Amino acid sequence: MYKLKVISSTVRPGRKGPAIAKWITQAANDHGFDAEMIDLGELNLPLMNEPVHPALKQYEHEHTKQWSAKIAEADAFIFVTTEYNHSYPAPLKNAVEYLVHEWAYKPAGMVGYSIGPFAGARAILSLKADMLALKNIALSEMVNIPQLNQFMDEEGNFTADERLNNNAKIMLDQLVRWTKGMKAIREDK
C-alpha cells in the first residue's frame with residue numbers, strides 16, 4: 001500500500017480547502033492508498049527560517065525536521081489548492097520550499113478549486129512548474145472544481161458530483177501507476 005499525503009494549501013479563516021482535502025483523502029483511501037491529509041492551516045509552519053539551504057538537509061529547527069520526515073515517508077502527493085492572484089497560496093509555496101530532496105521522484109495529483117470559473121487552473125500550472133524543478137512529477141490528470149460554492153453546504157461540507165468523482169478516479173488510477181513507476185526509480189540509486 002502506497003503512502004499518500006494530501007496537502008491542503010490554504011490557512012485563512014473560513015477556508016474551504018480542508019473540506020475538499022477530506023473528500024479526496026477518502027477517495028484515495030478507497031482507491032487503495034494509505035492516505036493522510038495535511039492541513040497547512042493546522043501545521044502552521046513559520047516562514048522559511050532555516051539558515052542552511054534545504055538541499056543540504058542540515059535542518060536546525062524541530063518543525064523542519066518533522067516536516068521533512070512527514071514528506072520523506074510519502075510515495076505520492078495530492079495538492080489541494082485554490083487560486084490567489086493567478087497562482088497558488090503563499091503557505092503552500094513556503095511549505096514546498098522548506099524541502100528539496102523529500103519531494104523528488106514522487107508523483108503528484110492536483111485538485112484545484114475556485115469560487116469562479118477558472119477552478120484553480122492557473123494555480124495548478126504554477127505549482128506544476130515549481131514541483132518539476134524539485135524532480136516531482138505532476139500528473140496531467142487533475143480535478144478542477146469551478147464555482148465551488150455549489151458543492152458546499154451551510155455547515156461547510158463538500159459534496160462532489162458525478163463528474164468530480166469520475167475525474168478523481170481517473171487521476172487516482174494514474175497516480176497509482178506513476179507511484180509504482182517512481183518508486184522503482186527512487187530505488188534505482
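Conventions we followed
- Residues numbered from 1 in each chain as written.
- Predicted model: local features only at pLDDT ≥ 70, side-chain atom pairs only at ≥ 80, totals over all residues.
- Heavy atoms only, no water.
- Helix = DSSP H or I, 4+ residues; strand = E, 2+ residues; numbered from the N terminus.
- Polar contact = N/O pair within 3.5 Å; in protein donor to acceptor, adjacent residues only side chain to side chain.
- Contact = heavy atoms within 4.5 Å.
- Salt bridge = Lys/Arg side-chain N within 4 Å of Asp/Glu carboxyl O.
- Buried < 20%, exposed > 50% of the residue type's maximum accessible area, 1.4 Å probe, protein only.
- Expected span 1.5 Å × (residues − 1).
- Phe/Tyr/Trp six-rings, centres within 6.5 Å; stacked < 30°, edge-to-face > 60°.
- Lys NZ or Arg CZ within 6 Å of the ring centre and 35° of its normal.
- Core = buried A, V, L, I, M, F, W, Y, C linked by side-chain atoms within 4.5 Å.

Quick word on the side chain of aspartate 39
Considering the arrangement of structural elements, one finds aspartate 39 in strand β2 (residues 34–39). Of the polar contacts made by the side chain of aspartate 39, one reaches the side chain of arginine 15; its length is 2.5 Å. In this structure the side chain of aspartate 39 is engaged in a polar contact, spanning 2.8 Å, whose partner is the backbone nitrogen of glycine 41. Apart from the residues lying within four places of it in its own chain, the contact partners of aspartate 39 are Ser8, Thr10, Arg15 and Pro18.

Overview of the pattern of salt bridges
The tally for this structure, following the rule as stated, stands at 10 salt bridges. Where glutamate 36 meets lysine 70, a salt bridge forms, and the shortest distance between an N and an O atom there is 2.9 Å. Of this pair, glutamate 36 sits in strand β2 while lysine 70 sits in helix α3 (residues 62–72), and the two are 34 residues apart along the sequence. For lysine 70, a relative accessible area of 27% corresponds to the partly exposed category.

A look at the side chain of lysine 5
One can find lysine 5 in strand β1 (residues 3–8). Ignoring any residue separated from it by four or fewer positions in sequence, one finds lysine 5 in contact with Glu36, Ile38, Lys70, Glu73, Ala74, Ala76, Phe77 and Ile78.

What about helix α6 (residues 162–187)?
With 26 residues, α6 extends 37 Å between its outermost C-alpha atoms, agreeing within 8% with the 38 Å of an ideal straight helix rising 1.5 Å per residue. Residues of α6 that are buried in the fold lie against β1, α1 (17–30), β3 (76–82), β4 (107–113), β5 (137–138) and β6 (143–145). The N-cap of α6, judged by a side-chain oxygen 3.3 Å from the amide nitrogen of arginine 163 a few residues on, is aspartate 161.

With respect to helix α4 (residues 90–97)
Those residues of α4 lying buried are Leu92, Asn94, Ala95 and Val96. Check the buried side of α4 and you find it contacts β1, α2 (40–43), α3, β3 and α5 (121–133).

Observations regarding the packing of aromatic side chains
On inspection of all chains with the given rule, the structure shows 6 aromatic pairs. Of the aromatic side chains, those joined through ring pairs into one cluster are Trp67, Phe77, Phe79 and Trp103. In this structure, arginine 122 is placed above the aromatic ring of phenylalanine 118, and the distance from its NZ or CZ to the ring centre is 4.1 Å.

With respect to the nonpolar core
With 29 residues, the main nonpolar core has Trp23, Ile24, Ile78, Ile145 and Phe158 as its most contacted residues. Of all the secondary structure elements, the ones that give two or more residues to this core are β1, α1, β3, β4, β6 and α6. The biggest single contributor to this core is α1, with 7 residues. With residues near it in sequence (within four places) discarded, isoleucine 145 still touches Ile20, Trp23, Val111, Gly112, Tyr113, Ser114, Ala119, Phe151, Phe158 and Leu164. By size, the runner-up hydrophobic cluster in this structure holds 25 residues, among which are Tyr59, Ile71, Phe79 and Tyr88.

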